[in-house]
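# Results of the structural survey
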Amino acid sequence: MTAISGWGRYPIIDTELIGPRTTEAIVRATEQGDQAVARGNGRAYGDAAVGVRQTITMTHLNRMRAFDHATGQVTVEAGVLLSDLIAAFLPRGFFPYVVPGTSFITVGGAIAADVHGKNHHGEGGFGRYVETLLLALPTGEVVRASRKDHPDLLQATIGGMGLTGSILEATIQLRRVETGWIRQRTMVANNLAAAIAALDGNESVTYSVAWIDCLAKGASLGRSLIFLGEHAASNQLDERQFANRFPLRKPPLSVPIDMPSFALNHWSVAAFNELYFRAGARKAGSSILVPAAPYFFPLDALGNWNRIYGRRGFVQHQCVLPAKNAEAALADMLGRIARRGGSSFLAVLKKLGEASGGLSFPMPGYTLALDFPIGRDLFSFLDELDVLVVKAGGRLYLAKDARQSRATFDAGYADLSGFRDVRRTIDPTGKIKSRLAARLGI
Amino acid sequence: MAEKAVLILGGTSDIARATALAFAKRDWTVRLAGRAPPELQREADDISARTGRTVTIHQFDVLATGSFAAFADALPGLPDVVISVVGLLGDQARAETDPDHASEIMRSNYEGPALILSLFAERFRARGAGAIVGISSVAGDRGRGSNYVYGSAKAGFTAFLSGLRNRLAASGVHVMTVKPGFVRTRMTEHMKLPPIITATPEEVGEAVLAGLSRHKDVIYVRPIWLLVMLIIRMIPEPVFKRLKL
């Protein structure tokens, strides 16, 4: 048995860790699964990628299979990281259509969580760009699913949290880009209403996200910096930038030790937020060019950044709220967070677009992501936030979740009949079961 | 001018893969040779997808010394660089009592690699250009009780490369010996290795390229190994034989 956890280092769970080296071995492990689930690079925050008894590590399955320069479609084994895709294809003028806040996730994990990025409002989630996938079922079969063949299986696997089988390979569509630079424009929003108005008013911009200062109260509750971005064209680069048209990142530094729990407290976070807000506000208005990696993955520059929250770990609370109820619910949530002074280091607000069904997280509205170090009354406080989320008709992101209740889950993911039908058909004896699935009765 | 080609013998190991990727990223054509074509094909597809370069695969068995000339003749041309990553750690305890296993370790680490590199060395000499790279081991620098069957074969390989280099010094053929030290690979994934002296397969690939461009004779991938092995070689035999190594 091995003790593992998600990225939040909570909860820590004993599991039998299986690390197959070949596709055939993954197929066998899935067929012989004893309450098992596939695990990518371990960046889901909670217990989504930990099996009740067994966990199948996919990271050895990290070879690329084929790339078609004419169509921009790449076929890879499921354990290939987005950072590998970027390193291989950005220099040739291609970039993944959808990237979340870290590039250190596997393609299989990105599909299983139907991850979203700063462009979800206009371009949808990772699953939209999956052309075909090769799936190992608990029956021992290997099925090629696409929009033509086994579309129901494809649909259920996108956002299916690994509960439909082990993804072996996927063919995904890449985006053609002229450069590896992003033209970024920063806007200042002095309160929540202004932040929402800024996100709404820039719907046509490819990438948008708001960083909220969670400690601001009263009239400045929800004060934010809005970061807008577009892929830069060649003719927008100066000579020096053009010479480095596809900048790639160096390997990350790492946090060498667990920071003591007191390192992140009300004062240190408040000071950081104040500095960050002022620095952002100074740059507001004009466009600047930044390399894609730090734009999309600022925290990737620091390996193991989860250690800054100390040994006890942290949880992330990410909800989505339907547009019509969002502003009131967000104001209520942010008010409580500011009153609690609960040092949420990162608070990110983002507009989401169309839902894609099943267990996939996004729905039209706004998503708020908050980090909380574990301590004090945290869990009861998060339960309070969940009540507000449910009341507004929203739900929580399963890839981030470690603690929501079944009631919260059932309310948020009300229509799972199609997903459960697929599960019953392909896994009648219940070989696949993650801790998350067991906890939430999926 | 045609792209330069590198032939990598033992093409499915982690070091072979990393070395092949390092060359392909710099626009070399890569030829992978090994025993198992399906596994070679998987590596070849990966390198080709990642880099856009041409990667070919070739059946090669390091123990089938009689087939070496035919193997070399069947290649799509004489490569510019040949790298032998072939090796077999084996099971020392078994090799102590099982002569067949001991022989397999000796032949896989010494006889086979030495003979195939020797064959290419002759063709390179006739052409007047080429580079030979042998991945040997620090285990060959001094025999130790825990792995001397492997170590002695690597010692033979190291000496062979040294002699070949000496003979070909004036011929325009570059012969380089690489001693990787500990490397984080499939072969060592269950061992606890000290991080400071443990390289990644990628470091080995980069070190081979750097060594070739600087015309190095012998390289330790992490230079600290030079010091480590210097000390280990200096321990007097009456003391050394009592150490648990």
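Residues numbered from 1 in each chain as written. Chains lettered and ligands numbered in written order. Predicted model: local features only at pLDDT ≥ 70, side-chain atom pairs only at ≥ 80, totals over all residues. Heavy atoms only, no water.

### Considerations on unusual backbone geometry
Residues and elements named next belong to chain A. Note the cis peptide between Y10 and P11, where omega equals -10°. By secondary structure assignment, the location of P11 is in the loop between β1 (2-4) and β2 (13-18). In the Ramachandran plot, R9 falls in the positive-phi region, its phi being about 60° despite a non-glycine side chain. Note on placement: R9 falls in the loop between β1 and β2. (Helix = DSSP H or I, 4+ residues; strand = E, 2+ residues; numbered from the N terminus.)

### Examining the packing of helix α10 (residues 323-340) of chain A against helix α11 (residues 378-391) of chain A
Residues and elements named next belong to chain A. For the pair α10 and α11, interaxial distance at closest approach is 10 Å and the crossing angle is 165°. Between α10 and α11, the angle is such that the two are roughly antiparallel. Read as a crossing pair, α10 and α11 show a hand that is right-handed. Packed against α10, whose contacting residues are D332, M333, R336, I337 and R340, the element α11 presents L378, F381, E384, L385, L388 and V389 at the interface. (Axes fitted to C-alpha atoms, helices over the stretch in contact; angles between N-to-C directions. Parallel < 35°, antiparallel > 145°, perpendicular 65-115°, else oblique. Left-handed = near helix turned anticlockwise from the far one by under 90°. Contact = heavy atoms within 4.5 Å.)

### Things to note about helix α13 (residues 417-426) of chain A
All names here are of chain A. Among all positions in α13, only F419, V422, R423 and I426 are buried. In a view along the axis of α13, the buried residues occupy a sector of 100°, so they form one face of it. In this structure, α13 carries R424 and T425 as exposed residues pointing more than 90 degrees from its buried face. (Buried < 20%, exposed > 50% of the residue type's maximum accessible area, 1.4 Å probe, protein only. Arc of directions from axis to C-beta.)

### Comments concerning the sheet that holds strand β17 (residues 314-322) of chain A
Residue and element names in this part refer to chain A. Here we have 8 strands laid out as an open sheet, ordered β15-β11-β13-β12-β18-β19-β17-β20, and antiparallel in their pairing. Among the strands making up the open sheet, the edge pair consists of β15 (287-291) and β20 (395-396). In this structure, β17 lies alongside strand β19 (residues 365-373), joined through 9 bridges in antiparallel fashion. Its bridge partner lying in β19, F314 is registered against P373. Running at roughly 40° to strand β18 (residues 347-352), helix α6 (residues 192-201) makes contact with β11 (181-189), β12 (207-212), β13 (224-231), β18 and β19 of the sheet. Against the sheet, α10 engages β12, β17, β18 and β19, with an angle of about 150° to β17. (Pairing = 2+ DSSP bridges.)

### Section: the domain arrangement of chain A
All names here are of chain A. By domain assignment, chain A separates into domain 1 (64-178) and domain 2 (181-410). On a C-alpha basis, the centres of domain 1 and domain 2 stand 24 Å from each other. Between domain 1 and domain 2, the residue contacts involve 32 residues of the former and 36 residues of the latter. Interface area, domain 1 with domain 2, both sides summed: about 2,800 Å², of which 62% is carbon and sulfur. Considering only the side of domain 1, the residues that lose the most area to domain 2 are K118, H121 and E178, jointly responsible for 29% of the buried surface there. (Domains from an automatic or database assignment. Buried area = accessible area lost by both parts, 1.4 Å probe.)

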